[in-house]
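# Secondary and tertiary structure notes
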Amino acid sequence: IGWLYGCVSRIGQAVADAELQLSVRRSADEVERLYEHPMLDVMDYCTPFQTGYEFRMLTQFYLDLVGNSFWYVVKNRLGTPVELWVVPPQYMHPVPDRETFMAGWIFRTGQEEIPFELNEIIHLSYPNPDSAYWGISPAQSIAVDLQTEAFAGRWNRNYFYNDAAIGTVLSYPEEISPDEYERIKEQWATNHRGVGRAHRMAVISGGAQLEKAVISQRDMDFHKLRHLNRDNILGAYGMPLSVMGVSENVNRANAESGEYVFARWTVKPRLTLIAAKLTEQLAPLYDKKLEVKFADPVPQNKEQDRKER
């Protein structure tokens, strides 16, 4: 679904583009920015098969599509993280515990099951009012709209491809022989089936009547239906039209406003969620005094910071 991919990819790219900033708290009032640290190296390197940019982008993809993202933390013999792997959330299953809330995770695919300890997995999620163990995504809130958009696209394709719907009825006042039926059907298909033969004139005899029995795109108000689906998808992800490259009713003023809204209300909260999880669960594995944040992506705030400097 194009609009879904557009939303998820733009958000993922914006999150991956953000500058990760690592600091250490020396005292209650003193925080020192670190430009070189093993944690920064791991966040840039991640795995031999995936860069830090790809890692952050895929993490955000899973959050926006599934509502959950999992990191498998690979440690050396000293217990220091040396690699981070994104684990597909569709294979992860929580193991609840009555006393500790969570006992761990199970990676299950087919007949294979791999158990993970809590300290091996970092779970990021969008809070789900229905489950304390599993997140919820924007895509789930518009599942019906996504299905409608998918079906509308297929219907539109089949409209041109010539699907199995009864588009034209050729009726005779009297019964015709099987041979005559096959001859007429073959002749009709040869002369009129397919996009290249559309709207050709039909000449029929023997008292036959030609009737159209198809619902057209205009009858379905197809254009408005597709626009409604688009707006519902963009609304669920907080995506302004201008950010998606849609120019209808867009001028410079509301394009700049759209950029601000996208950065402030779509990108920044997602960066805050990831930074908080890094500070809480990954940074202490290196040093409990480490703090993680991302550079503010909001244009107005970035300009204000520049002026203050």
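Every chain is numbered independently, its residues counted from 1 as its sequence is written. Predicted model: local features are reported for residues with pLDDT of at least 70 only, side-chain atom pairs are reported and counted for 80 or more only, and whole-chain, interface and lining totals are derived from all residues. Each side-chain value is worked out from all heavy atoms of the structure, with water and hydrogens disregarded.

### Quick notes on helix 2 (residues 38–45)
Because the α-helix completes a turn every 3.6 residues, residues three or four places apart line up on one side. Of all the positions in helix 2, only Met 39, Leu 40, Val 42 and Met 43 are classed as buried. Relative to the axis of helix 2, the buried residues are bounded by an arc of 160 degrees and lie together on one face. Where helix 2 is buried, its residues touch strand 1 (20–25), strand 2 (31–34), helix 3 (52–66), strand 4 (81–87), helix 8 (252–282) and strand 11 (290–294). Two residues or fewer after helix 2 comes Cys 46, characterised by a positive phi angle close to 60 degrees. With a 1.4 Å probe rolled over the protein chains alone, any residue whose accessible area is under 20% of its type maximum counts as buried; one over 50% counts as exposed, and the rest are partly exposed. What counts as a helix is a DSSP run of H or I of at least four residues, what counts as a strand is a run of E of at least two, and both are numbered from the N terminus. What the arc measures is the spread of directions leading from the helix axis to the C-beta atoms. In what follows, residue pairs with any heavy atoms lying within 4.5 Å of each other are defined as contacts.

### Considerations on the sheet that holds strand 7 (residues 112–116)
In this analysis, strands are considered paired if DSSP registers two or more bridges between them. Read across the sheet, three strands follow the order 5-6-7 without closing on themselves; strand pairing throughout is antiparallel. Each edge of the sheet is formed by a strand with only one pairing partner; in this case those strands are strand 5 (92–97) and strand 7. Shown here is a sheet whose adjacent strand axes are inclined to one another by a mean of 30 degrees, direction ignored. Where strand 5 and strand 6 (residues 101–109) come together, six bridges link them in antiparallel fashion. Within the sheet, the bridge partner assigned to Met 92 lies in strand 6 and is Phe 107. Axis geometry follows a simple rule: fit a line to the C-alpha atoms, using only the stretch in contact for helices, then measure angles between N-to-C directions, giving values from 0 to 180 degrees.

### Some remarks on the pairing of strand 1
The element strand 1 is extensively covered by neighbouring structure, given that five of its six residues are classed as buried. Note that strand 1 and strand 11 share five bridges and pair antiparallel. In the sheet register, Val 24 faces strand 11, and the bridge partner there is Leu 290. The pairing of strand 1 with strand 2 spans four bridges and is classified as antiparallel. Within strand 2, the position partnered with Arg 25 by the bridge is Val 31. Following strand 1, the chain reverses through five residues before pairing antiparallel with strand 2.

### Describing the packing of helix 5 (residues 143–161) against helix 7 (residues 222–237)
The interhelical angle for the contact between helix 5 and helix 7, taken along N-to-C directions, is 145 degrees, at an axis separation of 9 Å. Once helix 5 is placed against helix 7, the crossing between them reads as left-handed. Side by side, helix 5 and helix 7 meet where Asp 145, Leu 146, Thr 148, Glu 149, Ala 152, Gly 153, Trp 155 and Asn 156 of the first sit next to Phe 222, Leu 225, Arg 226, Asn 229, Asn 232 and Ile 233 of the second. Left-handed describes a crossing in which the near helix is turned anticlockwise from the far one by less than a right angle; the clockwise case is right-handed.

### Looking at the sheet that holds strand 3 (residues 68–75)
Strand pairing in a sheet relies on backbone hydrogen bonds. The paired strands run either parallel or antiparallel. Ordered by their spatial adjacency, three strands build an open sheet running 4-3-8, and the pairing between neighbours is antiparallel. Each edge of the open sheet is held by one strand with a lone partner, namely strand 4 and strand 8 (121–125). Strand-to-strand, the axes of this sheet are offset by a mean angle of 25 degrees, without reference to chain direction. Pairing geometry for strand 3 and strand 4, over six bridges, is antiparallel. For Val 73, the partnering residue across the bridge sits in strand 4 and is Leu 84.

### A short note on the nonpolar core
What is meant by a nonpolar core is a set of buried Ala, Val, Leu, Ile, Met, Phe, Trp, Tyr and Cys residues, joined one to another through side-chain atoms within 4.5 Å. Judged by nonpolar contacts, the single largest core of 46 residues is most densely connected at Met 39, Tyr 237, Leu 278 and Leu 282. No other element matches the seven residues that helix 8 contributes to this core. Apart from residues lying up to four places away in sequence, Leu 282 is in contact with Met 39, Met 43, Val 73, Pro 81, Leu 84, Ile 122 and Lys 277. Met 92, Met 102, Phe 107 and Ile 121 belong to the second-largest nonpolar core, a separate cluster that totals eight residues.

### Remarks on unusual backbone geometry
Residue Cys 46 is not a glycine yet carries a positive backbone phi of 60 degrees. The topology assignment puts Cys 46 in the loop between helix 2 and helix 3. Despite not being glycine, Phe 101 has its phi angle at roughly 75 degrees, a positive value. Turning to its location among the elements, Phe 101 is positioned in strand 6. Given a relative accessible area of 42%, Phe 101 falls into the partly exposed group.

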